[in-house]
Amino acid sequence: MSEHVEWSDTEVPTASAPAAVTPADAADAARLVAFGLQPKLQPARDQEYADLLRRYREDPPFARLADAVAAGLGLVVLEVSPRAGMAVTAAEDSVFAVRMGDYARRTSADGGDRFLHGLAHLAVAAMAFPRPEDLADDGYIGRVSVNGVDAFVRQACRRLEERAEEVGENTDPATDAPGLEAAWRIWARRSAAGATKDARRLAGSTTGIVGKAAAFLTDSGFLQRTGDDNGGTYRTTARYQLQVRDMAGSAAMAELLELGVVPVTDGTPTLVPAEDGDDLELVADAGLPFHS
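Scope of this entry: the structure provided in the associated data block. Only a predicted model underlies this, so the values are computations on that prediction, with no experimental measurement involved.

A word on the pattern of salt bridges
Part 1 of the reasoning: Within the structure shown, the criterion is met by 14 salt bridges.
Part 2 of the reasoning: Residue Glu-133 pairs with Arg-131 through a salt bridge whose shortest N-O separation is 3.9 Å.
Part 3 of the reasoning: Of the residues examined, Glu-133 reaches a relative accessible area of 45% and is grouped as partly exposed.
Part 4 of the reasoning: Where Arg-158 meets Glu-162, a salt bridge forms, and the shortest distance between an N and an O atom there is 3.1 Å. Of this pair, Arg-158 and Glu-162 both sit in helix H7 (residues 146–166), 4 residues apart, which is roughly one turn of the helix.

Okay, here's the thing in C-alpha cells:
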C-alpha cells in the first residue's frame, strides 16, 4: 500500500522567476541593432551577427530587449531573419532618419531639384515591384536600370499631360493638385542625359538624378549593381523589398502605379507605347527591367 505524502507550504513547487536582464544581454541587444544599421552586412558572412539573429528568434525576452533598444533609437524593426538580417527603418523623429534636404545636399541638388530626386526614388520602387504579389513574395527580385526608370517616368509624364488636357488644365497645376501632377512638366522639360565636355552624364539631367538615386540605394544596401548597361543595372535586396512594403500605401506611390504605365501580364513589366510615339523622346535603349 502506498504511503500518503503531505506537502508542507514550504514544499509546494513554484514557478521559477524570469532571469534578470544583465548588462551583457543589453550589450548583445544593442550589438544586434548596430548590425542592423549596417545595411550591406550579410548575416551569412558574419558569425556573431548570425548567432545574435538566432538568439533573437529563439529567445523571446532577448527579442523584446532588442526591439526596445531599437525603439529607443527611433528605429522600426521591419523584419529579423537570415535573409534580411535585422532590417530596421528610421522613424521620422529618429536621429538616423535621412531627410530629403540632407539627401539633396549629398547629391548637390538645388532646392528646385529636390522634388525630382524624390520622384526618382518613387519611380525606382514602382519599377522594381510593379505588382502587389511582387512585394508579397519573399523570393522575388526586381531588376531596374537607370535609363529604364527615366523612360518610365517620361511615359508617366505623357500620361499626366494627357490627363491634364482632358480636363482643360494644361497650365501650372493648382496647389491642391496631386503631387505627381505638379512634377511632370519639370521632368519632361529636363534633358534626359546631356553631357559634359568629357561625355559624362550631367548631374542635373534626369538620368543623372536617377543614377544618384540608384547609387544612394546601393550604398544603403537596398540595391546591388549588376552591370553598366543602360546607364547602370541593378537588382533589389530583401531590405529594399521590406522598405517598399513599408511605403507601398503612400498616396504618391499609389498614384504612380494607377497611371497604368507598367502593365504586367506574364510577370515582365513593359512600358505602354504611346499612341504617337514619335514625339515621346524616350531614352534610346531604355533597358526596361526584367524580373526573375
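Notes on the nonpolar core
Part 1 of the reasoning: Membership of the largest hydrophobic core comes to 33 residues, with the highest contact counts inside it found for Val-149, Val-153, Trp-187 and Tyr-240.
Part 2 of the reasoning: Looking at this core, the elements that each hand over two or more residues are helix H5 (114–128), H7, helix H8 (184–189), helix H9 (206–219) and helix H10 (238–247).
Part 3 of the reasoning: Considering every element that reaches this core, the biggest residue donor is H5, with 10 residues.
Part 4 of the reasoning: Once residues within four sequence positions are removed from consideration, Val-149 is found in contact with Ala-120, Ala-123, Val-124, Met-127, Val-144 and Val-210.
Part 5 of the reasoning: Residues Phe-62, Ala-63, Ala-66 and Ala-70 belong to the second largest nonpolar core, which totals 17 residues.

Remarks on helix H2 (residues 47–58)
Part 1 of the reasoning: Compared with an ideal rise of 1.5 Å per residue, which puts 12 residues at 16 Å, H2 spans 16 Å between its outermost C-alpha atoms and is within 8% of the ideal.
Part 2 of the reasoning: Burial in H2 covers these residues: Tyr-49, Ala-50, Leu-52, Leu-53 and Tyr-56. Within H2, the buried residues cover an arc of 165° as seen down the axis, which keeps them to one side. In this structure, H2 carries Gln-47 and Glu-58 as exposed residues pointing more than 90 degrees from its buried face.
Part 3 of the reasoning: On the buried face of H2, the contacting elements are helix H1 (23–36), helix H3 (60–72), strand E1 (75–81), strand E2 (85–90) and H10.
Part 4 of the reasoning: The opening residue of H2 is Asp-46, an N-cap whose side-chain oxygen sits 3.1 Å from the backbone nitrogen of Glu-48.

Focus: H5
Part 1 of the reasoning: With 15 residues, H5 extends 22 Å between its outermost C-alpha atoms, agreeing within 8% with the 21 Å of an ideal straight helix rising 1.5 Å per residue.
Part 2 of the reasoning: Most of H5 is tucked away: 12 of the 15 residues are buried.
Part 3 of the reasoning: Along H5, the residues that are buried comprise Leu-116, His-117, Leu-119, Ala-120, His-121, Leu-122, Ala-123, Val-124, Ala-125, Ala-126, Met-127 and Ala-128.

Digging into the side chain of Glu-79
Part 1 of the reasoning: Tracing the backbone through its elements, the reader meets Glu-79 in strand E1.
Part 2 of the reasoning: Here Arg-83 takes part through its side chain, which lies 3.1 Å from a polar atom of the side chain of Glu-79.
Part 3 of the reasoning: Dropping the residues within four chain positions of it, Glu-79 is found in contact with Ala-84, Gly-85, Met-86, Ala-87, Leu-242 and Arg-245.

Topic: the packing of aromatic side chains
Part 1 of the reasoning: Under the counting rule described, the total for this entry stands at 4 aromatic pairs.
Part 2 of the reasoning: Aromatic side chains Phe-35 and Tyr-49 sit 4.7 Å apart centroid to centroid with 20° between the ring planes, which places their arrangement in the stacked category. Of the two residues, Phe-35 sits in helix H1 while Tyr-49 sits in helix H2, which places them 14 residues apart along the sequence. Neither residue differs from the other here; Phe-35 and Tyr-49 are each classed as buried.

So, how was this worked out
Residues numbered from 1 in each chain as written. Predicted model: local features only at pLDDT ≥ 70, side-chain atom pairs only at ≥ 80, totals over all residues. Heavy atoms only, no water. Salt bridge = Lys/Arg side-chain N within 4 Å of Asp/Glu carboxyl O. Buried < 20%, exposed > 50% of the residue type's maximum accessible area, 1.4 Å probe, protein only. Helix = DSSP H or I, 4+ residues; strand = E, 2+ residues; numbered from the N terminus. Core = buried A, V, L, I, M, F, W, Y, C linked by side-chain atoms within 4.5 Å. Contact = heavy atoms within 4.5 Å. Expected span 1.5 Å × (residues − 1). Arc of directions from axis to C-beta. Polar contact = N/O pair within 3.5 Å; in protein donor to acceptor, adjacent residues only side chain to side chain. Phe/Tyr/Trp six-rings, centres within 6.5 Å; stacked < 30°, edge-to-face > 60°.

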